[in-house]
Amino acid sequence: MDIHKLLSSLTIEEKIGQLMQLAPFFFIEDIDVKVFGEVTALNLNKEKVFHSGSVLGINSAEQMIQIQKKYLKESRHKIPLVFMADIIHGYKTIFPVPIAMAASWNPELAFQAAKIQAKESRVSGVQVTFSPMVDVSRDPRWGRVVEGFGEDPYLSSAFSKCIVQGYQGNDVKQEDQVACCVKHFAAYGASEAGRDYNTVDVSNYSLFNTYLPSYKAAVDAGVKLVMTSFNTIDSIPATVNRFLLKDVLRDKWGFDGVVISDYDSLHQVVAHGVAKDDKEAALRGLDAGLDIEMQSTCYTNHLKDLLDENQIDEKQIDQAVYRILKLKEDLGLFEDPYRGAHPEKEAEIIFAKEHLDVAEKFAEESIVLLKNEDVLPLSKKLKYCILGPYAETIRTNGAWAGHGDNNLNTKLAEQLKDKHINVDFVKASLLPDYSQEELLRIKEADQIILALGENEYEAGEAHSKVDLHLPRGQQQFFDFAKSLNKKIIILLYHGRPFVLTPLIEADAILDVFYLGSKAHEAIANVLSGKTNPSGKLPMSYPRHGGQVPIYYNHLSTGRPHKRGVYGEYDSHYLDEENEALFPFGFGLSYANFEYANLTISNEQMYINDVIDISVDVKNVSQTPGFEIVEFYINDVHSYYARPVKELKGFKKVWINPQEIKTVTFQISKNDLSYYDPKGDTLLESGIFELMIGSSSEDVLSTSIEFFKGGKS
Ligand code: BGC
């Protein structure tokens, strides 16, 4: 397809149409007859709808084919629509929510999951997915932390890259790949006070060092689209932010794919107060380099007038249209507008056994054991009861799993019984109000499993909270179980870090997030000891809500506090410790690992050297298992203050009982560099502390001296 030729044959209305994305409704219904409510304000008619370039959300191959057929019939040039949808952590086979994926510290599994999502959704008519969401966030009040990979730029970037590669493969023309869209550009996770859609006010230094690397990782991996965020950056909404979209994304990073707004976010710049109306919004959007507006009509209704008034140049429109047509070409849609969509194959591909196997493995690896006083694994000799609001839940899919079906998921008790665990009594209730008979049954149990947390709708878009404790009086379950003097095992179903301080006396706490289609198979595997838990936290869990935002990779201060040492005028709270209750990178295993012999290949490093740093990790238990070995650095002295610790590598290694594994990381100059506030790379000579350990707070350390000039 000669895209330039096609482009030059389009009328201005046809070009502008390509820049609008609408929901399937508009194509299925006769909107000239059936227009109501908010839809009226879009000021659309059939002609405009049938000029539009893409569709938001699709439910099946059949629906996609129906819309594409109808559209192509109306379209003069037969330019196919491109179908986009939110396939975030599974199409029908649902994988753990992204925050849980991150807890696996296994991006290779995320790669496999993305491949499966691509396969299941492409056969069902989806060609582009709005994923990965890589908004780094340090604020668990923000409900969307469930959709991202946590507080750390390095860990988030590792997932970002693998997921893009999994969705897109080497060629999105392939019938089992989709193009993907990294979001929400940029720094959406820094919403002030954790309130969704709120202002973001971060320095350029933080932007480049903390928030941008995970989007850049996706761009470097070849992501085809970038979605702008709802927030402002330096007081300009991201959707019309020239600095972000032109200077950084296109010029600095060389991104040549499609930039799409978030839902209605071009129109919303009027509410931000930076455009007086949709027309000015359109002007600012085009000027900033926004290609597609999702579900608003600023471009459609105003670009032509702006052009006639010479406020914009047709070349600007052409550039945006070119990128959209190029995406369609890349997806193979000009050759076959239905490419990949096969209603007859949907049933065979979706929910395939091998997909569910990956879902189960991923779920197992995402579980984090936070505490265990010798009560886990469960014993076949004891009697258990399961109580709490989620005791019988099957709703383990979590937010953004719209095509999935919770009804296909299993209950925990069934799975435990399959493993010959004696679950004698199960009762799901909102509060611990039990009848006499139920009380007797509970008392007969040796130990109590409490299924607590928040429901799947509580974490996600527009679901911010000020209180990070267990909601709706669930603490009463813990107090009740305690009053019976029994061992308590807590399972935590949730999508954001909680304040677990009031539960800290539980005998075990197992973090089970929302683990998807195979959640309870995986949880039962871990509880019964069939699988040794290996996940580690991708976000710090605060002791108190007042510590938020709390994250391990903070800067030092001029008056740093030393844990356990009183300093009246150092940086501390009067009424709480500074440290997290469960730090970033923390997670237990049924095995015990000891770290020793931290060794570096050279204490001095010159600019092109690659230095090895290694550690011996010994499994000193009788249980084999995975250990996630974490590598951090601290740039001790530099022009700009650097974090006290930054993750620079991790490896997940299997270690048999009594075995010692030597784990090695390589350091090159890239690991020692950072960004200045202009986004340019800085590399400085000096001492770097190097740390390897089992969590961000449990490390062995050594140091090297780096020379920027000199030898080699
Ligand atoms: C969300 C995006 C999503 C889009 C389309 C928005 O409200 O912020 O993450 O991709 O809707 O569904």
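Residues numbered from 1 in each chain as written. Predicted model: local features only at pLDDT ≥ 70, side-chain atom pairs only at ≥ 80, totals over all residues. Heavy atoms only, no water.

## Re the overall build of the protein chain
Check the secondary structure of the protein chain and you find 23 helices and 26 strands. Relative to a compact globule of 712 residues, whose C-alpha radius of gyration would be 27 Å, the protein chain shows 27 Å and is just as compact. Structurally, the protein chain occupies a C-alpha span of about 75 × 75 × 45 Å along its principal axes. By the burial criterion, 61% of the 712 residues in the protein chain qualify as buried. Intrachain contacts of the protein chain at a sequence separation of at least 6 include 78% that bridge at least 24 residues. Of the roughly 27400 Å² that the protein chain leaves accessible, carbon and sulfur atoms contribute 48%. Here the protein chain contributes 74 positive and 101 negative side-chain charges, whose respective centroids are spaced 3 Å apart. (Helix = DSSP H or I, 4+ residues; strand = E, 2+ residues; numbered from the N terminus. Rg over C-alpha atoms; globule rule 2.2 N^0.38 Å. Buried < 20%, exposed > 50% of the residue type's maximum accessible area, 1.4 Å probe, protein only. Contact = heavy atoms within 4.5 Å. Areas by Shrake-Rupley, 256 points an atom, 1.4 Å probe, with all protein chains shown as cover. Lys, Arg positive; Asp, Glu negative; His and termini not counted. Charge placed at Lys NZ, Arg CZ, Asp CG, Glu CD.)

## Focus on the pairing of strand β11 (residues 368–372)
On a regular strand, each side chain points to the face opposite its neighbour's, so the side chains alternate between the two faces of the sheet. For β11, a buried count of 4 out of 5 residues is recorded, marking the element as mostly surrounded by other parts of the structure. Of the pairings in the sheet, the one linking β11 to strand β16 (residues 508–511) comprises 4 bridges and is antiparallel in character. Of the residues in β16, the one forming a bridge with valine 368 is aspartate 511. (Pairing = 2+ DSSP bridges.)

## A few points about the sheet that holds strand β17 (residues 593–600)
Here 3 strands make up an open sheet; going across it, the order is β17-β19-β22 and the pairing antiparallel. Edge positions in the open sheet fall to β17 and β22 (660–667), since each of these has one partner strand only. The average undirected angle you get between the axes of adjacent strands in this sheet is 20°. When β17 meets strand β19 (residues 611–619), the two strands line up antiparallel, connected through 6 bridges. The residue of β19 that forms the bridge with glutamate 594 is lysine 618. (Axes fitted to C-alpha atoms, helices over the stretch in contact; angles between N-to-C directions.)

## Quick look at the pattern of salt bridges
Evaluated as defined, the whole model comprises 40 salt bridges. Its salt-bridge partner being arginine 395, residue glutamate 456 comes within 2.6 Å of it at the nearest N-O pair. Highlighted residues: glutamate 456 in the loop between β14 (447–453) and α21 (475–483) and arginine 395 in the loop between β12 (383–387) and α19 (412–418), separated in sequence by 61 residues. A relative accessible area of 39% places arginine 395 in the partly exposed class. As a salt-bridge pair, glutamate 521 and lysine 518 come within 3.5 Å of each other at their nearest N and O atoms. Judged on exposure class, the residue glutamate 521 and its partner lysine 518 are both buried. (Salt bridge = Lys/Arg side-chain N within 4 Å of Asp/Glu carboxyl O.)

## Re the domain arrangement of the protein chain
The domain boundaries assigned to the protein chain delineate domain 1 (3–346), domain 2 (352–547) and domain 3 (593–707). Computed from C-alpha coordinates alone, the two centres of domain 1 and domain 2 are separated by 35 Å. With 48 residues of domain 1 at the interface, the matching set in domain 2 holds 42 residues. Of all residues in domain 1, Ile94, Leu109 and Pro140 bury the most surface against domain 2, accounting for 17% of the area lost on that side. Within the residue set of the side of domain 1 that touches domain 2, elements represented by two or more residues are α7 (98–103) and α8 (107–122). Here the side of domain 1 that touches domain 2 is built from residues that sort into 26 nonpolar, 10 polar and 12 charged. (Domains from an automatic or database assignment. Buried area = accessible area lost by both parts, 1.4 Å probe. Nonpolar A, V, L, I, M, F, W, Y, C, P; charged D, E, K, R; others polar.)

## Some points on the sheet that holds strand β1 (residues 20–22)
Spatial ordering of the open sheet is given by β9-β6-β5-β4-β3-β2-β1-β10, a layout of 8 strands whose pairing is parallel. At either end of the open sheet lies a strand with only one pairing partner, and these are β9 (258–260) and β10 (293–294). Where strand β3 (residues 82–85) and strand β4 (residues 128–129) come together, 2 bridges link them in parallel fashion. Looking at the pairing, alanine 85 lines up with threonine 129 of β4.

## Quick look at the site of the ligand
The immediate surroundings of the ligand are formed by 13 residues, with Asp86, Arg144, Lys183, His184 and Asp262 found nearest. Contact distances for the ligand include 2.9 Å between an oxygen atom and a side-chain N or O atom of lysine 183. The separation between an oxygen atom of the ligand and a polar side-chain atom of aspartate 262 is 2.6 Å. When the ligand sits alone it has 310 Å² of accessible area, and the protein chains cover 91% of it. (Near = heavy atom within 4 Å. Polar contact = N/O pair within 3.5 Å; in protein donor to acceptor, adjacent residues only side chain to side chain.)

## What to know about helix α14 (residues 278–288)
The set of residues buried in α14 consists of Asp278, Ala281, Ala282, Gly285, Leu286 and Ala288. Relative to the axis of α14, the buried residues are bounded by an arc of 160° and lie together on one face. The inward-facing, buried residues of α14 abut α12 (242–252), α13 (269–272), α15 (298–308) and α16 (314–330). After α14 finishes, the residue glycine 289 shows a positive phi value of roughly 105°. (Arc of directions from axis to C-beta.)

## Overview of α16
For α16, which comprises 17 residues, the first-to-last C-alpha distance of 24 Å matches the rise-based estimate of 24 Å (1.5 Å per residue) to within 8%. Taken together, the buried positions of α16 are Ile317, Ala320, Val321, Arg323, Ile324, Leu325, Leu327, Lys328, Glu329 and Asp330. Looking at where α16 begins, the residue whose side-chain oxygen comes 3.0 Å from the main-chain nitrogen of lysine 315 is aspartate 313. Glycine 332, located one to two residues past α16, shows a positive phi value of around 80°. (Expected span 1.5 Å × (residues − 1).)

## Examining the packing of aromatic side chains
With the rule as written, the count across this model stands at 28 aromatic pairs. Here tyrosine 606 and phenylalanine 707 contribute two aromatic rings whose centre-to-centre distance is 4.9 Å and whose plane-to-plane angle is 20°, an arrangement assigned as stacked. Of this pair, tyrosine 606 sits in strand β18 (residues 604–606) while phenylalanine 707 sits in strand β26 (residues 698–707), placing them 101 residues apart in sequence. Residue classification places tyrosine 606 among the buried residues on the basis of a relative accessible area of 14%. Aromatic pair phenylalanine 626 and tryptophan 654: ring centres 5.0 Å apart, planes at 80°, arrangement edge-to-face. (Phe/Tyr/Trp six-rings, centres within 6.5 Å; stacked < 30°, edge-to-face > 60°.)

## As for unusual backbone geometry
Omega for the peptide link from serine 131 to proline 132 comes to 5°, which places this bond in the cis form. The topology assignment puts proline 132 in the loop between β4 and α9 (153–168). Omega for the peptide link from valine 548 to proline 549 comes to 0°, which places this bond in the cis form. Relative to the assigned elements, proline 549 resides in the loop between α22 (519–528) and β17.

## Comments concerning the packing of helix α18 (residues 353–366) against α22
At a minimum axis distance of 8 Å, the contact between α18 and α22 shows a crossing angle of 50°. Classified by the angle their axes make, α18 and α22 are oblique. Viewed along their axes, α18 and α22 form a crossing whose handedness is right-handed. Where α18 abuts α22, its residues Glu360, Ala363 and Glu364 lie against Glu521, Ala522, Asn525 and Val526. For the contact of α18 with α22, the class distribution of residues is 3 nonpolar, 1 polar and 3 charged. (Parallel < 35°, antiparallel > 145°, perpendicular 65-115°, else oblique. Left-handed = near helix turned anticlockwise from the far one by under 90°.)

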